[in-house]
Amino acid sequence: MSRSTTNRASKPAEFTEHQHAIRHWLLMAATDVGRAQQEWREEGRALLRCGGLWGAVYVSGAIVYAAAGTDDPAAVDRYLAETLRGPVFANLSRRGYFVLVPTSTALHPDWKRPRDDAEYMGAGHLLAVPAPDRTDPSQRRYWCCEASHPGALVAADAVTQLVQAGRGLLVIEQDG
């Protein structure tokens, strides 16, 4: 093994100051911070608790692609950034998106009952969250819209509007 390979393997990942701040904010939702950090290093994702600092809304890829008018990852990411203006990550193996929202979203009438294409996840849910530095669409799980600062969340109404628009467009596609 070459010296440069050895150094690279033992050197911790480099994070921007912004990613470092977001990392610490997200880790406040971990049941075991050390384990979450290890999962991020080794697997690129960590299981974090919903319902304390934030909740999450799962939105199916079909809904997002219909609302965005495309399934091109770069175009979808731009659409989500412009529309939601907050933290969103993709899970491409599940063909879905997870939007970080305030825990008060649980009180919103549109999110009281789960559906197959969109569901609010609050207290009692664990979510596999990508490490803050995973922003490349070639990765199975990645941040398509990074948080602008610790505590930044997407308004429940913005997610509701996206889901309603996507569902409406899917109905039109099916009827057409």
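By convention here, each chain's residues receive numbers from 1 onward along its written sequence. Local features in this predicted model are restricted to residues of pLDDT 70 or higher, and side-chain atom pairs are both shown and tallied only at a pLDDT of 80 or more, whereas totals for entire chains, interfaces and linings draw on every residue. For the side-chain quantities, the full set of heavy atoms in the structure was used; hydrogens and water were omitted.

Engineer: Lay out the overall build of the protein in plain terms, naming residues and giving numbers.
Structural biologist: Every helix listed is a DSSP run of H or I at least four residues long, and every strand listed is a run of E at least two residues long, numbered separately from the N terminus. Scanning the protein from terminus to terminus reveals six helices and seven strands. Listed by position from the N terminus, the elements making up the protein come as α-α-α-β-β-α-α-β-β-β-β-β-α. Computation of the radius of gyration draws on C-alpha atoms alone. For the globule rule, the value is 2.2 Å times the number of residues to the power 0.38. Relative to the 2.2 N^0.38 estimate, which gives 16 Å for 176 residues, the radius of gyration of the protein is 17 Å and therefore close to what a compact globule would have. Here the term buried applies to any residue with accessible area under 20% of the maximum for its type, exposed to any over 50%, and partly exposed to those in between, with areas from a 1.4 Å probe on protein chains only. Buried positions account for 44% of the 176 residues belonging to the protein. Residues count as neighbours in contact if any of their non-hydrogen atoms are within 4.5 Å of one another. For the protein, the share of sequence-separated contacts (at least 6 apart) that also reach a separation of at least 24 residues comes to 73%.

Engineer: Describe the pattern of salt bridges, with residues and values.
Structural biologist: We define a salt bridge as a side-chain nitrogen of Lys or Arg found within 4 Å of a carboxyl oxygen belonging to Asp or Glu. Tallied over the full model, the rule gives four salt bridges. Across the pair Arg45 and Glu43 runs a salt bridge whose closest N-O atoms are separated by 2.9 Å. When its relative accessible area of 43% is taken as the criterion, Glu43 is described as partly exposed. Where Arg167 meets Asp117, a salt bridge forms, and the shortest distance between an N and an O atom there is 2.7 Å. Within this pair, whereas Arg167 is found in helix 6 (residues 156-175), its partner Asp117 is found in the loop between strand 4 (96-101) and strand 5 (118-121), the two being separated by 50 residues in sequence. With relative accessibility at 18%, the residue Asp117 sits in the buried group.

Engineer: Quick rundown of the pairing of strand 6 (residues 126-130)? Include the residues and the values.
Structural biologist: Counting buried positions over the five residues of strand 6 gives four, a clear majority of the element. In this analysis, strands are considered paired if DSSP registers two or more bridges between them. Across five bridges, the pairing between strand 1 (residues 45-49) and strand 6 is antiparallel. Paired with Arg45 across the strands is Pro130, a residue of strand 6.

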